[in-house]
Amino acid sequence: MDTLEAKKSLRKEIKSLKARLTESQKQEAEEIVLGGLLRDKRFMSCQNIIAYSSLPDELPTSKIISELMRYGHNIYLPVIIGENIEFHLYEGVENMKEEVQFGIKEPLQSCRVLPENEAVSIIVPGIAFTTTGKRLGRGGGYYDRYLTKQKNSYKVGVAFKCQCVTDIPTDEFDISMDKVLFG
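In this convention, every chain numbers its residues from 1, walking through the sequence in written order. Two thresholds apply to this predicted model, a pLDDT of at least 70 for residue-level local features and 80 or more for giving and counting side-chain atom pairs, whereas whole-chain, interface and lining totals are computed over all residues. Side-chain metrics rest on all non-hydrogen atoms present in the structure, leaving aside hydrogens and water.

Re the nonpolar core
Our working rule: We define the nonpolar core as a collection of buried residues of types Ala, Val, Leu, Ile, Met, Phe, Trp, Tyr and Cys that are connected through side-chain atoms lying within 4.5 Å of one another. Per-residue accessibility, obtained with a 1.4 Å probe over protein chains only, is compared with the maximum for each type, and a residue is labelled buried under 20%, exposed over 50%, and partly exposed between these values. By definition, residues are in contact when any of their heavy atoms lie within 4.5 Å.
Membership of the largest hydrophobic core comes to 42 residues, with the highest contact counts inside it found for Phe-43 and Ile-123. In this structure, Ile-123 is in contact with Leu-37, Phe-43, Ile-49, Ile-50, Ala-51, Tyr-52, Ile-64, Leu-68, Val-156 and Val-158, ignoring residues within four places of it in sequence. The next biggest cluster of nonpolar side chains, apart from the first, holds seven residues, and it includes Leu-10, Ala-128, Val-165 and Ile-168.

Notes on the environment of Glu-5
Applicable threshold: For the purposes of this entry, the term helix denotes a DSSP run of H or I that reaches at least four residues, the term strand denotes a run of E that reaches at least two, and both are numbered from the N terminus.
By the secondary structure assignment, Glu-5 is in helix α1 (residues 3-19). Judged by relative accessible area, Glu-5 falls into the partly exposed class, the value being 43%. Separated by 75 residues in the primary sequence, Glu-5 and Ile-80 place their C-alpha atoms 26 Å from one another.

Re the side chain of Thr-130
Convention followed: We call two N or O atoms a polar contact when they sit within 3.5 Å, provided that within protein one can donate a hydrogen and the other can accept it, with sequence-adjacent residues counted only if both atoms are side-chain atoms.
Structurally, Thr-130 is set in the loop between β7 (128-129) and β8 (135-136). On the basis of relative accessibility, which here comes to 2%, the residue Thr-130 falls in the buried class. A polar atom in the side chain of Thr-130 sits 2.9 Å from the side chain of Thr-132. With residues up to four places along the chain from it excluded, the contact list for Thr-130 reads Val-165, Thr-166, Asp-167, Ile-168, Val-180 and Phe-182.

Considering the pattern of salt bridges
For the record, the criterion: Counted as salt bridges are all cases of a side-chain nitrogen of Lys or Arg within 4 Å of a carboxyl oxygen of Asp or Glu.
All told, the structure shown has 15 salt bridges when counted by the stated rule. Residues Arg-70 and Glu-67 are paired through a salt bridge, measuring 2.7 Å at the closest nitrogen-oxygen approach. Taken together, the positions of Arg-70 and Glu-67, both in helix α4 (residues 62-70) and three residues apart, correspond to about one turn of that helix. Across the pair Asp-167 and Lys-134 runs a salt bridge, and its minimum N-O distance is 2.7 Å. Of this pair, Asp-167 sits in the loop between β9 (153-159) and β10 (179-182) while Lys-134 is found in the loop between β7 and β8, placing the two residues 33 residues apart along the sequence.

Here's the deal with the packing of aromatic side chains
To keep things clear, this is the line we draw: A pair of Phe, Tyr and Trp rings is counted when the ring centres sit within 6.5 Å of each other, with Trp represented by its six-membered ring. The angle between the planes then sorts it: under 30 degrees is stacked, over 60 is edge-to-face, the rest tilted. We count a charge as sitting over a ring when the NZ of a lysine or the CZ of an arginine lies within 6 Å of the ring centre and within 35 degrees of the ring normal.
Counted according to the given criterion, the structure contains two aromatic pairs. Plain terms: the ring middles of Phe-87 and Tyr-143 are 6.0 Å apart, the flat faces sit at 55° to each other, and that makes the pair tilted. A residue pair is termed long-range when its members are at least 10 positions apart, and Phe-87 in strand β3 (residues 84-89) and Tyr-143 in helix α5 (residues 142-149) qualify at 56 residues. Like Phe-87, the residue Tyr-143 is buried in the burial classification. The interplanar angle of 65° and the centroid separation of 4.8 Å between the aromatic rings of Phe-87 and Tyr-146 together place this pair among those described as edge-to-face. Taken as a pair, Phe-87 in strand β3 and Tyr-146 in helix α5 lie far apart in primary sequence, 59 residues in all. Classification of Tyr-146 as buried rests on a relative accessible area of 13%. One aromatic cluster is present, built from ring pairs that chain together Phe-87, Tyr-143 and Tyr-146. Sitting above the plane of the Tyr-142 ring, Arg-145 keeps its charged end 5.2 Å from the centroid.

See below:
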C-alpha cells in the first residue's frame, strides 16, 4: 500500500474510533491535556500561543483557550486563506465567524495577525499521532506548510488516547511534533 492509501486508511480507522467517544470522555480528555500544557514550562514560557477552535470530532479546546488567556497569554487561532493558514488574535466569541469550506470557527480577518517567525507555542490538531511526534493531519497540508516556515516554535500535538498509533506513514512534507499530549 502506498503512503497516500495508508494515510487514507488510517484516517478512516481513527474516525470510527473517535465517533464512539462520549461528550464526558471528550471533556475529560481536554482536562488531561490542559493539565499537561500547564505543567510544560517550555510551552508556558511563550507569550504567544497558537491554538485551534475545535470541530466536534477533535479534542475540545474552549477550556484550554480560556485557561491560557487567564494566564495572560495571547491566543491566536487559524484562518484559512486559499492554500495557506494564518493565525489571528482571538478576541472573544463575538469576533469569530464560521469559515465556509470546513465549518471551523475562526477570528475575523480584521483581528491582528501573528507576526512571521514570532516565538510561539503551537497546539496542533491531528487525526493521529505517535508518541515520538509523527502526525497525520486531515490531508490539506495547511499546518505542515506553515510549520515548515515557522522556525521559532514549540509544537505540541494534542489528541484523544484513541488517536495514538504505533506508526504513521510519512513523506518529506510531514512535520513532526516536539511533544504529544493524549487525553
